[in-house]
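Residues per chain are reported as follows:
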Amino acid sequence: MSSTEELLKRLGVSIDTETLRLALTHRSYAYENGGIPTNERLEFLGDSILGFSVTDALYRDNPTLPEGDLAKRRSAVVSTRALAGIGRSLGIGDYIYLGQGEKLTEGKNKASILADTMEALIGATYVSNDIETARQLVMRLIGPLLQDAAALGAGTDWKTSIQELAAGRQLGSIYYAVEGSGPDHARTFVAELQIGGTPYGKGSGHSKKEAEQEAAADAWRKLSGADTAEAPSEPAAGS
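Residues numbered from 1 in each chain as written. Predicted model: local features only at pLDDT ≥ 70, side-chain atom pairs only at ≥ 80, totals over all residues. Heavy atoms only, no water.

Asks: Before we move on, could you go through the packing of helix H4 (residues 40-61) against helix H5 (residues 67-77) and cite the residues and values that matter?
Replies: H5 packs onto H4 with a crossing angle of 135° between their chain directions and a minimal axis gap of 10 Å. Taken as axis vectors, H4 and H5 run oblique relative to one another. Crossing handedness for the pair H4 and H5: right-handed. Residues Gly-51, Val-54, Thr-55, Leu-58 and Tyr-59 of H4 form the contact with H5, whose own contacting residues are Leu-70, Arg-73, Arg-74 and Val-77. Taken together, the residues that form the contact of H4 with H5 break down as five nonpolar, two polar and two charged. (Axes fitted to C-alpha atoms, helices over the stretch in contact; angles between N-to-C directions. Helix = DSSP H or I, 4+ residues; strand = E, 2+ residues; numbered from the N terminus. Parallel < 35°, antiparallel > 145°, perpendicular 65-115°, else oblique. Left-handed = near helix turned anticlockwise from the far one by under 90°. Contact = heavy atoms within 4.5 Å. Nonpolar A, V, L, I, M, F, W, Y, C, P; charged D, E, K, R; others polar.)

Asks: Kindly report on the pattern of salt bridges, identifying the contributing residues and their values.
Replies: Under the criterion given, the structure shown has 10 salt bridges. Among the salt bridges present, the one from Lys-108 reaches Asp-94, with a minimum N-O distance of 3.3 Å. Within this pair, whereas Lys-108 is found in the loop between helix H7 (100-104) and helix H8 (111-128), its partner Asp-94 is found in the loop between helix H6 (80-90) and H7, the two being separated by 14 residues in sequence. On the accessibility criterion, Lys-108 (33% relative accessible area) is partly exposed. Among the salt bridges present, the one from Lys-159 reaches Glu-212, with a minimum N-O distance of 2.6 Å. Within this pair, whereas Lys-159 is found in helix H11 (residues 158-169), its partner Glu-212 is found in helix H12 (residues 208-223), the two being separated by 53 residues in sequence. (Salt bridge = Lys/Arg side-chain N within 4 Å of Asp/Glu carboxyl O. Buried < 20%, exposed > 50% of the residue type's maximum accessible area, 1.4 Å probe, protein only.)

Asks: Explain the packing of H11 against H12 to me, and be specific about the residues and the numbers.
Replies: At a minimum axis distance of 8 Å, the contact between H11 and H12 shows a crossing angle of 40°. Between H11 and H12, the interaxial angle falls into the category oblique. Here the hand of the crossing between H11 and H12 comes out left-handed. For the pair formed by H11 and H12, the contact residues are Trp-158, Lys-159, Ser-161, Ile-162, Leu-165 and Arg-169 on the first element and Glu-212, Gln-213, Ala-216, Ala-217, Ala-219, Trp-220, Arg-221 and Leu-223 on the second. Among the residues making up the contact of H11 with H12, the classes are represented as eight nonpolar, two polar and four charged.

Asks: Tell me about the packing of aromatic side chains, and please be specific about residues and values.
Replies: The description of an aromatic ring pair rests on the distance of the ring centres and on the angle between the ring planes. Inspection of every chain in the model, using the stated rule, returns one aromatic pair. Their ring planes at 50° and their centres at 5.4 Å tell us that Tyr-29 and Tyr-97 sit as a pair that is tilted. Of this pair, Tyr-29 sits in helix H3 (residues 27-32) while Tyr-97 is found in the loop between H6 and H7, placing the two residues 68 residues apart along the sequence. Above the plane of the ring of Tyr-97 lies Arg-21, whose end atom (NZ or CZ) is 4.1 Å from the centre. Geometry around Tyr-176 places Lys-159 over its ring, the cationic atom sitting 4.9 Å from the centre. (Phe/Tyr/Trp six-rings, centres within 6.5 Å; stacked < 30°, edge-to-face > 60°. Lys NZ or Arg CZ within 6 Å of the ring centre and 35° of its normal.)

Asks: Describe in detail the sheet that holds strand E3 (residues 198-205), supporting the description with residues and values.
Replies: The antiparallel open sheet is built from three strands, whose spatial order is E1-E2-E3. Each end of this open sheet is capped by a strand with a single partner; those strands are strand E1 (174-181) and E3. Strand-to-strand twist in this sheet, taken as the mean axis angle between neighbours without regard to direction, amounts to 20°. By the bridge criterion, eight bridges tie E1 to strand E2 (residues 188-195) in an arrangement that is antiparallel. (Pairing = 2+ DSSP bridges.)

Asks: Explain the environment of Ala-76 residue by residue, including any values.
Replies: Mapping Ala-76 onto the fold places it in helix H5. In this structure Ala-76 comes out as buried when scored by relative accessible area, which is 11%. Along the sequence, Ala-76 and Leu-145 sit 69 residues apart, while their C-alpha atoms lie 8.6 Å from each other.

See the structure below:
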């Protein structure tokens, strides 16, 4: 377990020791230690603060955008995938209290655990400070994602988004070629998305689903023009 002082420095906030420990306590650790409190209540609180803060920012920054588009953008940046990405960039996994089973299966890298912990940390920031401090934390973490037009365009389910896009352009059937490597308790998967037999995107993750979502996101960006310099030539319609 790394020093929590470094974690607070990365977050740019102050959280009292007891609340911070609670925010980092996963239920697997709690169950193995006599049923102590978990971070789930703070997660519940943080989820609401996250949702409101992002909604407020989108509403103010996009005065002409319809409700449906606002909702889609909000979904994209508060998704498990987005929050887990932020958690990984901050190295949150090294600070989470996990049970032995989760440790053996690399729980510190699981998207769901990282995302839930990020929400708990937002809740803990509010409890130890005030709503404005928590909102500012959300904006520091989520702000860059709000500027990512490609990410905001597809929403949370990249596999569905790429399927709709490919169907609309009649590019052909979608296939994910997935390979796994490493020991059973720490498997890593790499996925290549092919449309009509042509490779369009690659992704990796600690589960097949995560790798496929990453590959779908990569392909969606390329086909949507966000990465046209690297986009492969589109196959003939219906191929």
